[in-house]
Amino acid sequence: KKLNVALCGLGRYANILAKGLAESEYCTLAGIITGTPEKAAAWKAKYNIPDKNIYNYENFDKIARNKDIDLVYVVLPNGLHKEYTLRAAKAGKHVIVEKPMAFTVADCQEMIDACRKAGVQLAVGYRLHYEPHHLEIKRLGQEKVFGPVRLIEASLGYNLAGTPPDDWHLKKALAGGGPLMNLGVYCIQSNRYVLGEEPTAVTAQFGPVTMPELFTEVEENISWQLQFPSGAIGTSTTTSNCNIDRFYAAADHGFFELSPGLSYGPFKGRTSEKAFNFPVINQQAAQLDGIGQLILQGQALPSHISGEEGLKDIRVVEGIYEAARTGKRVALS
Ligand code: NAD
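Values in this document were obtained by computation on a predicted structure and should not be read as measured data.

1. Focus on the sheet that holds strand β1 (residues 3–8)
Pairing between the strands of a sheet is mediated by backbone hydrogen bonds and can be parallel or antiparallel. Taken in spatial order, the six strands of this open sheet run β3-β2-β1-β4-β5-β6, and their pairing is parallel. The open sheet is flanked by β3 (54–55) and β6 (122–124), the only strands paired with a single partner. In terms of strand pairing, strand β2 (residues 27–33) meets β3 through two bridges, oriented parallel. Looking at the pairing, I33 lines up with Y55 of β3.

2. Here we look at the domain arrangement of the protein
How big an interface is tends to be stated in terms of the accessible area lost upon association of its parts. Here the domain parsing of the protein yields domain 1 (3–127 + 285–301) and domain 2 (132–278 + 313–331). Between the C-alpha centres of domain 1 and domain 2 there is a distance of 27 Å. With twelve residues of domain 1 at the interface, the matching set in domain 2 holds twelve residues. For the side of domain 1 that touches domain 2, a count of residues per class yields eight nonpolar, three polar and one charged.

3. Some points on the site of the ligand
Neighbouring the ligand are 19 residues; G9, G11, R12, Y13 and E98 lie closest to it. Here the element with the most residues in the shell around the ligand is helix α1 (residues 12–23); it accounts for three residues. A breakdown of the residues in the shell around the ligand according to their chemical character gives nine nonpolar, six polar and four charged. Counting residues domain by domain, the shell around the ligand receives three or more from each of domain 1 (3–127 + 285–301) and domain 2 (132–278 + 313–331).

4. A closer look at the sheet that holds strand β7 (residues 149–157)
Reading across the sheet, the eight strands line up as β13-β12-β11-β7-β10-β9-β8-β14 and stay open at both edges, with mixed pairing between neighbours. One side of each edge strand has no neighbouring strand; the edge strands of this open sheet are β13 (269–271) and β14 (330–331). Where β7 meets strand β10 (residues 233–239), five bridges bridge the pair, whose relative direction is parallel. Residue pairing across strands places G157 opposite T239, the latter belonging to β10.

5. Side note on the UniProt feature "domain: GFO/IDH/MocA-like oxidoreductase" (unreviewed entry) in the protein
In the numbering used here, UniProt assigns the "domain: GFO/IDH/MocA-like oxidoreductase" (unreviewed entry) feature to residues 135–244. Between the end C-alpha atoms of residues 135–244 the distance is 21 Å, and the span holds 26% helix and 27% strand.

6. Details of the packing of helix α7 (residues 179–195) against helix α9 (residues 307–326)
Between α7 and α9, the shortest axis-to-axis distance is 10 Å and the interhelical angle comes to 115°. Between α7 and α9 lies a crossing whose hand is right-handed. Contact residues: L180, M181, G184, V185, I188 and Q189 in α7; D313, V316, V317 and I320 in α9. Residues of the contact of α7 with α9, tallied by class, amount to seven nonpolar, two polar and one charged.

7. Digging into the UniProt feature "domain: Gfo/Idh/MocA-like oxidoreductase N-terminal" (unreviewed entry) in the protein
Feature annotation in UniProt assigns "domain: Gfo/Idh/MocA-like oxidoreductase N-terminal" (unreviewed entry) to the following positions: residues 3–126. Within residues 3–126, the helical portion is 38% and the strand portion 21%, while the C-alpha atoms at the span's ends are 18 Å from each other.

8. Concerning the packing of helix α5 (residues 132–142) against α7
At their nearest, the axes of α5 and α7 sit 6 Å apart, and the two run at 45° to each other. In terms of their interaxial angle, α5 and α7 are classed as oblique. Within the contact between the two elements, α5 uses I137, K138 and G141 and α7 uses Y193, V194 and L195. For the contact of α5 with α7, the class distribution of residues is four nonpolar, one polar and one charged.

9. Here we look at the environment of Y321
By the secondary structure assignment, Y321 is in helix α9. Each C-alpha atom, one on Y321 and one on G178, is 11 Å from the other, the two residues being 143 residues apart in sequence.

10. Concerning the nonpolar core
Judged by nonpolar contacts, the single largest core of 91 residues is most densely connected at A6, L7, Y73, V95 and I320. Looking at this core, the element that brings in the most residues is α7, giving ten residues. Inspection of this core shows a minimum of three residues originating in each of domain 1 (3–127 + 285–301) and domain 2 (132–278 + 313–331). Apart from the residues within four sequence positions on either side, V95 is in contact with L71, V72, V74, T85, A88, A89, C115, V120 and L122.

11. As for the pairing of β10
Most of β10 sits inside the fold, with five of its seven residues counted as buried. Sheet topology note: the strand β9 (residues 221–227)/β10 ladder contains seven bridges and is antiparallel. Each bridged residue has a counterpart across the sheet, and for I222 the counterpart in β10 is T238. Turn length for the β9-β10 hairpin, with the two strands adjacent in sequence and antiparallel, is five residues, and the turn residue G231 shows positive phi of about 100°.

12. Section: α9
Each turn of an α-helix holds 3.6 residues, which means side chains three or four residues apart point in the same direction. With 20 residues, α9 should cover 28 Å at 1.5 Å per step; its first-to-last C-alpha distance of 28 Å lies within 8% of that length. In terms of burial, α9 is largely enclosed, as 14 of its 20 residues are buried. Just downstream of α9 lies G327, where phi reads positive at about 75°.

How each quantity is defined
- Residues numbered from 1 in each chain as written.
- Predicted model: local features only at pLDDT ≥ 70, side-chain atom pairs only at ≥ 80, totals over all residues.
- Pairing = 2+ DSSP bridges.
- Helix = DSSP H or I, 4+ residues; strand = E, 2+ residues; numbered from the N terminus.
- Domains from an automatic or database assignment.
- Contact = placed C-beta atoms within 7 Å.
- Nonpolar A, V, L, I, M, F, W, Y, C, P; charged D, E, K, R; others polar.
- Near = placed C-beta within 6 Å.
- UniProt positions renumbered as here; feature names shortened; annotations may be inferred.
- Axes fitted to C-alpha atoms, helices over the stretch in contact; angles between N-to-C directions.
- Left-handed = near helix turned anticlockwise from the far one by under 90°.
- Parallel < 35°, antiparallel > 145°, perpendicular 65-115°, else oblique.
- Core = buried A, V, L, I, M, F, W, Y, C linked by C-beta atoms within 7 Å.
- Buried ≥ 20, exposed ≤ 12 C-beta atoms within 10 Å, placed from the backbone.
- Expected span 1.5 Å × (residues − 1).

Below is the structure:
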């Protein structure tokens, strides 16, 4: 048996996940939740989804009675992650929720508690934990292959010039913030898993607004500096006015880097000694397989993709925003 997955929200990333589901050994696309009847018809035909597994946002809670759906994958705009995670958990379904998990630590905790109470598993869509280049930088950092890492530079940005001003990524209620909310978790995550440490303090600065017609509600650019217990520093920028996608770690006896490194890839990387030579994989299929196999076996999901992990990233996000707003160094508990 494969794990029967329902995709909740049929936008751009859901289409990428559908390709991952098609390649997955342990998961299959069994249902959809969409507010657009035309999309329901198109997905039904393309993926052979039975009518009884097709929901809209109003009748979604009836999924509780549907034994043919095991897991709901929430791929909605960020501001809807919490509501649909809570509703899926209440319906007794396991949940994968896309990043960023939610806007606040309190909301993340509510989602974790709801899933625990319902007896369902909760994962955040952290695909890079299944990607070979990222598994390697995690190993190089945590095993101190080049000695302790002292400095990490990790930045991610996309030029959003030309984006329609009503795009949800620009709206505070649906996006929660600008590039920090949408892209920042990749920078924060890579810092945390390469060092194997939690940051203790942060300073941060908002960058200039160069597209005032778009950035009225959320930041266009933000840079921050994390301090870690070992003394390591993590410095990052997320931006909406240029394309950047890189990770660099400086250690005592060498370096390692990925560029492209934090997006979908295909990634390219090297150490101070040699180039990486890892295969390009379907990251979503690998992520779904990793999660699906464990749930089918009745095993707990690993902590690095858990709700608790999502919460730790949002704690850092909250600290970054506070530091940028106040201009002060913020201690992270
Ligand atoms: P998208 O805009 O392409 O899709 C969002 C979907 O939600 C659309 O189908 C839209 O119709 C639907 N929707 C339902 N209610 C809505 C509302 N009130 N307002 C706007 N849309 C509404 O966005 P996307 O790029 O697919 O992103 C969806 C989620 O996936 C986001 O949380 C994003 O951060 C995440 N994401 C993750 C990755 C990754 O690599 N893990 C990549 C891209 C996006």
